[in-house]
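Per-entry structural report
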Amino acid sequence: MLDGFVSVMATSELPPGDMKFVVINRQRVLVANVGGVFYALSDICGHAGAPLSAGNLTGYVVECPLHYACFDARTGKLITGPVSADVPSYEVRVEADTVYVKPPPPP
Ligand code: FES
């Protein structure tokens, strides 16, 4: 167990090129595997609140399923789309085949 982090999944549960959401402290967090490196973002698109985990992951680009805003999975930065805000990103660690995420601050 890593201090200040919570375990969210085994690395084997999310192959490269896949993403899915987990719930940490009642908040949806998107975990993405980009070429073997794990990243975590808010799963809630800042435009109209769509779940980004229901969109597409292409390389490091997460595309929102609703109006197709694109974010960088590595940083949460907006790349393009009808929204001006980035999505929050969270620290990730991998240790002993387990993915750990630093929980988002309370809403
Ligand atoms: Fe994501 Fe509109 S809800 S781009």
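Residues numbered from 1 in each chain as written. Predicted model: local features only at pLDDT ≥ 70, side-chain atom pairs only at ≥ 80, totals over all residues. Heavy atoms only, no water.

Some thoughts on the pairing of strand E10 (residues 92-95)
- Where E10 lies against strand E11 (residues 98-101), 4 bridges are found, and the strand directions are antiparallel. Residue pairing for E11: Arg 93 is matched across the bridge by Tyr 100.
- Linking E10 to E11, which pair antiparallel, is a turn of 2 residues; within it Ala 96 sits at a positive phi near 50 degrees. (Pairing = 2+ DSSP bridges. Helix = DSSP H or I, 4+ residues; strand = E, 2+ residues; numbered from the N terminus.)

Describing the sheet that holds E10
- One open sheet accounts for 3 strands, arranged E1-E11-E10; its pairing is antiparallel. Two strands close off the open sheet at either side, each with one partner strand: strand E1 (6-10) and E10. Ignoring which end each strand starts from, the neighbouring axes of this sheet average 30 degrees apart.
- Here 4 bridges tie E1 to E11, and the two strands are oriented antiparallel to one another. Its bridge partner lying in E11, Met 9 is registered against Val 99. (Axes fitted to C-alpha atoms, helices over the stretch in contact; angles between N-to-C directions.)

Some thoughts on unusual backbone geometry
- Phi is positive for Tyr 68, close to 70 degrees, though the residue is something other than glycine.
- Structurally, the position occupied by Tyr 68 is in the loop between strand E6 (61-63) and strand E7 (70-72).
- Judged by relative accessible area, which is 51%, Tyr 68 ranks as exposed. (Buried < 20%, exposed > 50% of the residue type's maximum accessible area, 1.4 Å probe, protein only.)

Let's talk about the pattern of salt bridges
- Inspection of every chain in the model, using the stated rule, returns 6 salt bridges.
- One salt bridge connects Glu 91 with Arg 93, and the closest N-O pair in it is separated by 3.2 Å.
- A salt bridge links Lys 102 to Glu 91; its shortest N-O distance comes to 3.8 Å. Taken together, the residues span a long stretch of sequence, with Lys 102 in the segment after E11 and Glu 91 in the loop between strand E9 (89-90) and E10 at a distance of 11 residues.
- Glu 91 gets classed as partly exposed once you look at its relative accessible area, which sits at 39%.
- Taken together, the shared-partner salt bridges connect Glu 91, Arg 93 and Lys 102 into one network. (Salt bridge = Lys/Arg side-chain N within 4 Å of Asp/Glu carboxyl O.)

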